[in-house]
Structure formats: C-alpha cells, structure tokens
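# Descriptive analysis of the structure
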Amino acid sequence: MGYSNRRNCKRFYITGLWGPSAATLNDKSEDILRNNSQTIFTAGIAGGLSLERNRGRLRVEAEWLQRDYFESQTVFGPTANVIAINNWSVLTNVWRDFMFTNRFGCYGGGGIGAGGLRLGETSTGQTVFDNASTAFAWQAGGGLIYEISDQVTFDASYRWYQLGDFPVSGGGLNTDDFNFAASQIMFSIRVFEPLRSLLR
C-alpha cells in the first residue's frame, strides 16, 4: 500500500535518541594525542513540528544530545591522558521524510547549532581541568523509518557530528586548539502529539 497523507497537516512530536558514536578528539596545535578514537555512548531528546508533504513529511526540530566520557592517551606516556567531559550539543535540525508505504520510509537532512565540552589533563594520579569550551557545531545524515502506529515511529540513522575548532584555557592544555567529531549510529522513538491520549 502506498503512503497516504490522511493525517493532520501539522503535528508536534518528541523524540528520545540513543546509540554508540565512533568519536575522535584532535589536537590542532600539536600532535600529542595517541589512541584518539573511541566508541562512546550518546543520548538525548528532540522536539519539533512535522508538516505533511508529498509522499512524506518535513520535520523541523530542536535537539539536545549528551556524550559519554572520552579519554585519549598522549605521547608523554601511559599516565598522561587527555579526557573530555560535559560533552553536549544543541542543534536546530531539518529532516525530510520520504515514505515508501504507510509504514516504511527513509529520511535525510541535518542541522546547525552549538556544542561544547570540558577538557582535562590527567597525569601522576591528578586531573587538571581547563575552562569549558563551546564552538559552532553541525551534523548531517539520514536513516530508515518504521511507523509502529499513527502516533509512534521508530527509526535508525547514521549522523556525522562535527564540533568546530576551539581553544582551551585555564589548565594544562592552554596553548592548544582542538576539535571533536563523531560518527553516530542513533536509534530513536518518535511520539507524535504525546498529550493526545491524555486530552481525550
């Protein structure tokens, strides 16, 4: 059966997101990092407005994601590591859904916004933290959609996330510039009109 636009033209939704990320922290000033790629856990929430379009939807949303603890060994030895904590992003996304049937489809798009993290240098059993850093952030990607019901949708997606160059200050790394990137596999449950059942 082909896709039908029988639903309301505009619908609010919320989405819970989670999944693994292949993350990389790069030192732009000096090549001091080793083993600087790790798999970390990412999770967050998004809320937006869905607009019915030909054979699908246009979705505009605000998204917040939080990323797990990241640690990279430096060239100075196994006891000297750089860690990243408080790794977050807030993005405004635009996604275009294309439905093959009433239940199956795909989507693509991306978003821009801001992200941040806090770096620390661990050596001799102590960690010295720099000031929190923020920078321009963006993402792009796409995924597959399965509509469980008129109100609930599951999707699996791939997204490339990039946090732009940022300087650090206030600690042991204050002469260096860094950037952060993540290749993200995300799973999500999207609930349309979440208060609808309560208002009946």
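Please refer to the structure higher up on the page.
Rules behind the numbers
- Residues numbered from 1 in each chain as written.
- Predicted model: local features only at pLDDT ≥ 70, side-chain atom pairs only at ≥ 80, totals over all residues.
- Heavy atoms only, no water.
- 1 Å grid on protein atoms, 1.4 Å probe; cavity = no way out; pocket = protein on both sides within 12 Å on 5 of 7 lines; lining within 4 Å.
- Points joined across faces, edges and corners; volume = space filled by probe spheres on them.
- Helix = DSSP H or I, 4+ residues; strand = E, 2+ residues; numbered from the N terminus.
- Nonpolar A, V, L, I, M, F, W, Y, C, P; charged D, E, K, R; others polar.
- Salt bridge = Lys/Arg side-chain N within 4 Å of Asp/Glu carboxyl O.
- Buried < 20%, exposed > 50% of the residue type's maximum accessible area, 1.4 Å probe, protein only.

### Description of empty space enclosed by the protein
Evaluation of the coordinates by the stated rule reveals 1 cavity of 30 Å³ or more. Estimated volume of the largest cavity: approximately 40 Å³. In terms of lining, the largest cavity is formed by Thr15, Leu17, Arg59, Glu61, Trp95, Tyr107, Asp155, Arg159, Ser188 and Arg190. Within the residue set of the lining of the largest cavity, elements represented by two or more residues are β1 (10–27), β4 (56–67), β10 (152–167) and β11 (177–192). Residues that form the lining of the largest cavity fall into these classes: 3 nonpolar, 2 polar and 5 charged.

### Focus on the pattern of salt bridges
Counted according to the given criterion, the structure contains 8 salt bridges. Residues Arg57 and Glu52 are paired through a salt bridge, measuring 3.3 Å at the closest nitrogen-oxygen approach. Judged by relative accessible area, Glu52 falls into the buried class, the value being 10%. Residues participating in the shared-partner salt-bridge network are Glu52, Arg57, Arg59, Glu61, Asp97 and Glu147.

### Looking at unusual backbone geometry
Located in the positive-phi region is Arg55, a residue other than glycine, with phi close to 60 degrees. Judged by relative accessible area, Arg55 falls into the partly exposed class, the value being 42%. Of note, the phi angle at Asn86 is positive, near 50 degrees, even though the residue is not glycine. Here Asn86 is to be found in strand β6 (residues 77–99).

These values are about where atoms sit, not about what they do.
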